[in-house]
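So the chains spell out like this:
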Amino acid sequence: MEELQQVMDELLASNPEWSFWELCSELVKKGDLNFEATQDPNVHTFLYQMFQRSKVRGQAGRMNKDM
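A. Expanded view of the side chain of Gln 5. Along the chain, Gln 5 turns up in helix 1 (residues 2-14). Gln 5 has contacts with Met 50, Arg 53, Ser 54 and Arg 57, leaving out every residue within four places of it along the chain.

Right under this line is the structure:
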């Protein structure tokens, strides 16, 4: 899971405007995420929490560069 979090962080750092579904779509395309897994409510919730953490990190990194 740490590897997936790192990939999410990297993708959102370069594309901070992406939505949860855009990020998941990219992860599925890259083969880092199984599409069927996103259909499980528990996995979906866990992925969304990971997305939120990545989004915060991406925004924080972006704010630091803007200053």
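B. Spotlight on the pattern of salt bridges. Inspection of the entire model under this criterion finds 1 salt bridge. Arg 57 is the partner of Asp 9 in a salt bridge, and the nearest nitrogen-oxygen pair spans 3.0 Å. Residue Asp 9 is located in helix 1, and its partner Arg 57 is located in helix 3 (residues 41-66); the two are separated by 48 residues in the primary sequence. The exposure class assigned to Arg 57 is partly exposed, which follows from its relative accessible area of 44%.

C. Structural context of the packing of aromatic side chains. Under the criterion given, the structure shown has 4 aromatic pairs. With a centroid separation of 5.1 Å and 70° between ring planes, the pair formed by Phe 20 and Trp 21 is classed as edge-to-face. Taking relative accessible area as the criterion, Phe 20 reaches 6% and is therefore assigned buried. Both rings, one in Phe 20 and one in Tyr 48, keep their centres 5.1 Å apart while their planes meet at 70°; by these two values the pair is edge-to-face. Remark: Tyr 48 occurs in helix 3 and Phe 20 occurs in helix 2 (residues 20-30); sequence separation between them is 28 residues. Tyr 48 gets classed as partly exposed once you look at its relative accessible area, which sits at 34%. Following the ring pairs from residue to residue traces out a cluster consisting of Phe 20, Trp 21, Tyr 48 and Phe 51.

Quick notes on the rules
Residues numbered from 1 in each chain as written. Predicted model: local features only at pLDDT ≥ 70, side-chain atom pairs only at ≥ 80, totals over all residues. Heavy atoms only, no water. Helix = DSSP H or I, 4+ residues; strand = E, 2+ residues; numbered from the N terminus. Contact = heavy atoms within 4.5 Å. Salt bridge = Lys/Arg side-chain N within 4 Å of Asp/Glu carboxyl O. Buried < 20%, exposed > 50% of the residue type's maximum accessible area, 1.4 Å probe, protein only. Phe/Tyr/Trp six-rings, centres within 6.5 Å; stacked < 30°, edge-to-face > 60°.

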